[in-house]
Amino acid sequence: MPSLKQILGAVAVGLTVVSGAPAQPKLSTRALNAYNGVQARQNPATGLPDGLTDIDILQFALTLEFLETEFYRAGFAMFPDSDFAALGLQPADITNLKSIQGTEATHVTTLMSAVAGAGTQPVAPCQYKFGFTNAAGMVATASILENVGVSAYLGAAPLVKTPSILGVAASIVTVESRHQTFIRVASKAAAIPSAFDTPLGIRNVFTLAAGFIQSCPAGSNLAITPFPALTMSSPAAGNGTMTVAAGQNLALASTAGTGATSCAFSNGGLPGGTAFTPFTNGACTVPQGLAGLTYVNLANASPATGVLTDSITLAGPMLMQVS
């Protein structure tokens with residue numbers, strides 16, 4: 001079986017990696033609709049650079065892996081093991097938590113090698129502002145970052161044209177998912193909150209990442225335009241991922257809220273990927289039928305297809321746990 005490094009080498013010189021696995025059964029109509037919706041929602045005319053290539057997508061993944069690597073490095077440099085033990089983590093838990101930094105660093109070197117091997121200068125890391133002041137805040141933020149990391153790889157998958165690059169991305173997202181699950185278990189949250197993870201488009205991912213970025217050197221990103229921020233005044237937001245219930249009323253606000261007619265709740269278990277509820281007087285209701293991690297945006301339309309496109313997105317996203 002070829003190693004990851006060998007596969008990336010093949011990518012760099014333009015070779016095709018052919019799978020010997022038998023043909024798989026066709027996806028259901030529901031699954032295809034959700035998959036195609038992820039691709040349709042990411043329109044280069046609405047904030048993504050024109051002519052987005054597979055190498056551009058690898059560069060974007062590298063941007064996120066830089067952020068995650070520095071997050072863990074900074075956190076572990078700031079807080080001793082005793083701070084994590086005070087949260088109830090056992091010695092083995094602390095060892096496992098610290099191991100995440102090493103795998104993120106490996107993802108960085110792997111992606112840098114792939115980009116450089118294709119004849120492109122890898123993006124440079126940025127300066128970051130994580131804002132945690134204690135170990136509990138770090139773990140809560142880690143939960144958000146790992147959730148977003150999984151969603152980012154899932155959202156980028158339909159845009160990748162080269163099977164070998166898609167395979168490499170898949171080998172990374174499964175590890176990101178393991179990070180996510182471990183942190184949920186260590187935080188005493190449900191290990192598997194729903195049957196499906198939620199894909200997220202590149203602009204939405206960058207919007208969430210931009211909140212942790214202080215400044216970047218020239219050429220360090222793909223000139224992606226983030227959406228304006230979305231804030232929630234009720235219920236009051238705390239550390240980590242906010243938990244809400246179906247039927248609950250949410251008071252939301254954004255500087256770009258003018259013209260918003262709906263709240264868009266994106267969840268991996270939905271046909272089309274998103275459920276829309278009316279946004280009136282600065283509030284909307286969490287729809288029925290959702291479970292698990294959900295991203296919320298403000299939108300100026302409510303398409304019956306259930307597909308939230310960049311062109312109708314006004315603000316957000318926010319990450320919530322729907323119970």
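Residues numbered from 1 in each chain as written. Predicted model: local features only at pLDDT ≥ 70, side-chain atom pairs only at ≥ 80, totals over all residues. Heavy atoms only, no water.

**Some remarks on the overall build of the protein**
Helix and strand counts for the protein stand at 8 helices and 10 strands. Residues classed as buried in the protein amount to 50% of the 323 residues present. Nonlocal contacts in the protein, meaning residues at least 24 apart in sequence, comprise 77% of its contacts between residues at least 6 apart. For the protein, the exposed surface amounts to about 14,500 Å²; the carbon and sulfur share of it is 60%. (Helix = DSSP H or I, 4+ residues; strand = E, 2+ residues; numbered from the N terminus. Buried < 20%, exposed > 50% of the residue type's maximum accessible area, 1.4 Å probe, protein only. Contact = heavy atoms within 4.5 Å. Areas by Shrake-Rupley, 256 points an atom, 1.4 Å probe, with all protein chains shown as cover.)

**So, helix α6 (residues 135-156)**
Helix length check: α6 (22 residues) gives 31 Å between terminal C-alpha atoms against 32 Å at 1.5 Å per residue, within 8%. Along α6, 19 of the 22 residues are buried, which leaves the element largely enclosed by surrounding structure. (Expected span 1.5 Å × (residues − 1).)

**Remarks on the state of the cysteines**
A covalent bond bridging the sulfur atoms of two cysteines is what the word disulfide describes. Counted under the stated rule, the structure contains 2 disulfides. Across the disulfide, Cys126 is cross-linked to Cys216 (sulfur-sulfur distance 2.0 Å). Note on the Cys126 and Cys216 pair: the S-S dihedral is about 100°, so by sign convention the disulfide is right-handed. Taken together, the residues span a long stretch of sequence, with Cys126 in the loop between α5 (91-117) and β1 (127-128) and Cys216 in the loop between β2 (213-215) and β3 (231-234) at a distance of 90 residues. On the accessibility criterion, Cys126 (7% relative accessible area) is buried. Linked covalently through their sulfurs, Cys263 and Cys284 form a disulfide whose S-S length is 2.1 Å. Measuring handedness by torsion sign, the sulfur bridge of Cys263 and Cys284 sits at about -95° and is left-handed. In this pair, Cys263 sits in strand β6 (residues 262-266) while Cys284 sits in strand β8 (residues 283-285), placing the two residues 21 residues apart along the sequence. For the pair shown, Cys263 and Cys284 are each scored as buried. (Disulfide = S-S within 2.5 Å.)

**Examining the sheet that holds strand β5 (residues 249-253)**
An order of β3-β5-β8 is seen for the 3 strands of this open sheet, with the pairing classed as antiparallel. For this open sheet the edge positions go to β3 and β8, each flanked by a neighbour on one side alone. The sheet shows a mean angle of 40° between the axes of neighbouring strands, direction not considered. Looking at chain direction, β5 and β8 are connected through 3 bridges and run antiparallel. Bridging from a neighbouring strand, Asn249 pairs with Thr285 of β8. (Pairing = 2+ DSSP bridges. Axes fitted to C-alpha atoms, helices over the stretch in contact; angles between N-to-C directions.)

**Overview of the packing of helix α3 (residues 54-78) against helix α8 (residues 202-210)**
Running from N to C, α3 and α8 point in directions that differ by 25°, and their axes come no closer than 12 Å. In terms of orientation, α3 lies roughly parallel with respect to α8. Between α3 and α8 lies a crossing of left-handed hand. For the pair α3 and α8, the contacting residues are Phe60, Leu64 and Leu67 in the first and Ile202, Val205, Phe206 and Ala209 in the second. Its residues placed into classes, the contact of α3 with α8 shows 7 nonpolar, no polar and no charged. (Parallel < 35°, antiparallel > 145°, perpendicular 65-115°, else oblique. Left-handed = near helix turned anticlockwise from the far one by under 90°. Nonpolar A, V, L, I, M, F, W, Y, C, P; charged D, E, K, R; others polar.)

**What to know about the packing of α3 against α5**
Each pair of packed helices gets described by two things: the angle between the helix axes and the distance between those axes. Where α3 contacts α5, the axes come no closer than 8 Å and their chain directions differ by 150°. One way to sum up the angle between α3 and α5 is to call them roughly antiparallel. Crossing of α3 against α5: the hand is left-handed. Side by side, α3 and α5 meet where Ile55, Leu58, Gln59, Ala61, Leu62, Glu65, Phe66, Glu68, Thr69, Tyr72, Arg73 and Phe76 of the first sit next to Leu97, Lys98, Ile100, Gln101, Glu104, Ala105, His107, Val108, Leu111, Met112, Ala114 and Val115 of the second. A class-by-class count of the residues in the contact of α3 with α5 yields 15 nonpolar, 4 polar and 5 charged.

**Notes on the packing of aromatic side chains**
On inspection of all chains with the given rule, the structure shows 10 aromatic pairs. Between the aromatic rings of Phe71 and Phe130, the centroid separation amounts to 5.2 Å while the plane-to-plane angle is 80°, which identifies the pairing as edge-to-face. One end of the pair, Phe71, is in helix α3; the other, Phe130, is in the loop between β1 and α6, and 59 residues separate them in sequence. When sorted by exposure, Phe71 lands in the same class as Phe130, which is buried. On the basis of an interplanar angle of 80° and a centroid distance of 5.4 Å, the ring pair of Phe71 and Phe132 is categorised as edge-to-face. Of the two residues, Phe71 sits in helix α3 while Phe132 sits in the loop between β1 and α6, which places them 61 residues apart along the sequence. You can call Phe132 buried: its relative accessible area is 9%. The ring of Phe227 carries the charged tip of Arg203 above its face, separated from the ring centre by 3.8 Å. (Phe/Tyr/Trp six-rings, centres within 6.5 Å; stacked < 30°, edge-to-face > 60°. Lys NZ or Arg CZ within 6 Å of the ring centre and 35° of its normal.)

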